[in-house]
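Listed here are the chains, written in short residue letters.
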Amino acid sequence: MSWDRDTARTRIRFCARTATDSDSREASPMSCIVRKYGGACFADRDDLLRVARQVLAAAELPAVIVVSARQGVTDQLSGQADDLGAAPDHAARDLLLATGELQSAALLAAAVAELGGRAEVVPPWSVFETTAEFGNATIETVEVEPVLCCLGRGVVPIVPGFIGGTRDGREIGRAHV
C-alpha cells in the first residue's frame, strides 16, 4: 500500500458476477483502486473541485472513493453534543458524528456532477458491517455489491468512511475504515 499527502491508494480485487453466470455463483475478478480523501481535501469549493477533477481523471482502473469529514467537523459535532451536558447514548453519538462523513460524500458527489461526471454516495452501512462497540467498532464484513453496482453503471462510488451498520441493521458504529 502506498500513501501520499492527500490520498491513500491501494489496489484491491473484487469478485463480481457476470451476466453469463446469473444462475451460478461463480465470480470473475474485478480490479479497482480505492482512494481515501481526508478532511483537509474538502476545505472549500476550490479544494472540492480539485478532488473532483482527480476523481474524474482517466485512470488505469476504476476508482472507489472513501471520504472523511471535513477538517474540524467531527470535533465541532462532538463539542455540540458535549455542550448539551448529559452524554448522548453511544449509538446516537455515533450517528451524529457520522453526519460529517456523509456531508463530505454528498459535497464531493455534487462537485463531480458540477464537472459533468457521475458519482453516487453509497450508504456506508450497506458496505461495512461492524461490531456494536459504539465509538470504537470493528469492521467484520465488507459487502462489495453496492460498490460494484455503481461501477457497473459507470458511476463513481463515494463511500463515507468511519461508519458501518451492525448485524441487526438498526445501529451505526464508528469504525476505522
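Calculation rules
- Residues numbered from 1 in each chain as written.
- Predicted model: local features only at pLDDT ≥ 70, side-chain atom pairs only at ≥ 80, totals over all residues.
- Heavy atoms only, no water.
- Buried < 20%, exposed > 50% of the residue type's maximum accessible area, 1.4 Å probe, protein only.
- Helix = DSSP H or I, 4+ residues; strand = E, 2+ residues; numbered from the N terminus.
- Pairing = 2+ DSSP bridges.
- Expected span 1.5 Å × (residues − 1).
- Polar contact = N/O pair within 3.5 Å; in protein donor to acceptor, adjacent residues only side chain to side chain.
- Lys, Arg positive; Asp, Glu negative; His and termini not counted.
- Salt bridge = Lys/Arg side-chain N within 4 Å of Asp/Glu carboxyl O.
- Contact = heavy atoms within 4.5 Å.

K.L.:
Could you give an account of the pairing of strand S4 (residues 63-67), naming the residues involved and the relevant values?
P.N.:
Taken residue by residue, a regular strand's side chains alternate between the two faces of the sheet. Within S4, five of the five residues are buried, which leaves the element mostly enclosed by the surrounding structure. The side-chain alternation of S4 yields two buried faces, one formed by Ala-63, Ile-65 and Val-67 and the other by Val-64 and Val-66. As defined by bridge partners, S4 adjoins strand S8 (residues 156-160) across three bridges and the pair is classed as parallel. Paired with Val-67 across the strands is Pro-160, a residue of S8.

K.L.:
I'd like a rundown of helix H3 (residues 90-114), residues and numbers included.
P.N.:
Here H3 contains 25 residues, and its C-alpha end-to-end distance of 37 Å stays within 8% of the 36 Å for a straight helix at 1.5 Å per residue. Every buried residue of H3 is accounted for by Arg-93, Asp-94, Leu-97, Ala-98, Gly-100, Glu-101, Ser-104, Ala-105, Leu-108, Ala-109, Ala-111 and Val-112. The N-terminus of H3 is capped by Asp-89, whose side-chain oxygen sits 2.9 Å from the backbone nitrogen of Ala-91. Gly-116 sits one or two residues past H3 and shows a positive phi near 90°.

K.L.:
Please provide a residue-by-residue account of unusual backbone geometry, values included.
P.N.:
Phi is positive for Phe-162, which is not a glycine, with a value near 65°. Mapped onto the fold, Phe-162 is located in the loop between S8 and strand S9 (163-166).

K.L.:
Pulling in residues and values, what's your account of helix H1 (residues 45-56)?
P.N.:
Because each turn of an α-helix spans 3.6 residues, side chains separated by three or four positions end up pointing in the same direction. In a regular helix each residue adds 1.5 Å, so 12 residues correspond to 16 Å; H1 covers 16 Å between its end C-alpha atoms and thus fits that length. Restricting attention to buried positions, one finds in H1 the residues Asp-47, Leu-48, Leu-49, Val-51, Ala-52 and Val-55. Measuring from the side-chain oxygen of the N-cap residue of H1 to the backbone nitrogen of Asp-46 gives 3.2 Å; that N-cap residue is Asp-44.

K.L.:
Tell me about the side chain of Asp-47, residues and numbers included.
P.N.:
With respect to the secondary-structure elements, Asp-47 resides in helix H1. Arg-50 provides the closest opposite charge to the buried, unpaired Asp-47, separated from it by 4.1 Å. Beyond its immediate sequence surroundings of up to four residues, Asp-47 is in contact with Ala-40, Cys-41 and Phe-42.

K.L.:
Outline the pattern of salt bridges, listing residues and values.
P.N.:
Scanning all chains against the criterion turns up five salt bridges. Between Arg-153 and Glu-120 there is a salt bridge, and its shortest N-O distance comes to 2.8 Å. Here the residue Arg-153 occupies a position in the loop between helix H4 (145-152) and S8, and Glu-120 occupies one in strand S5 (residues 119-121), the gap between them amounting to 33 residues. Taking relative accessible area as the criterion, Arg-153 reaches 39% and is therefore assigned partly exposed. Accessibility expressed as a relative area gives 31% for Glu-120, which makes it partly exposed. Because the salt bridges share partners, they merge into one network encompassing Glu-129, Glu-140 and Arg-167.

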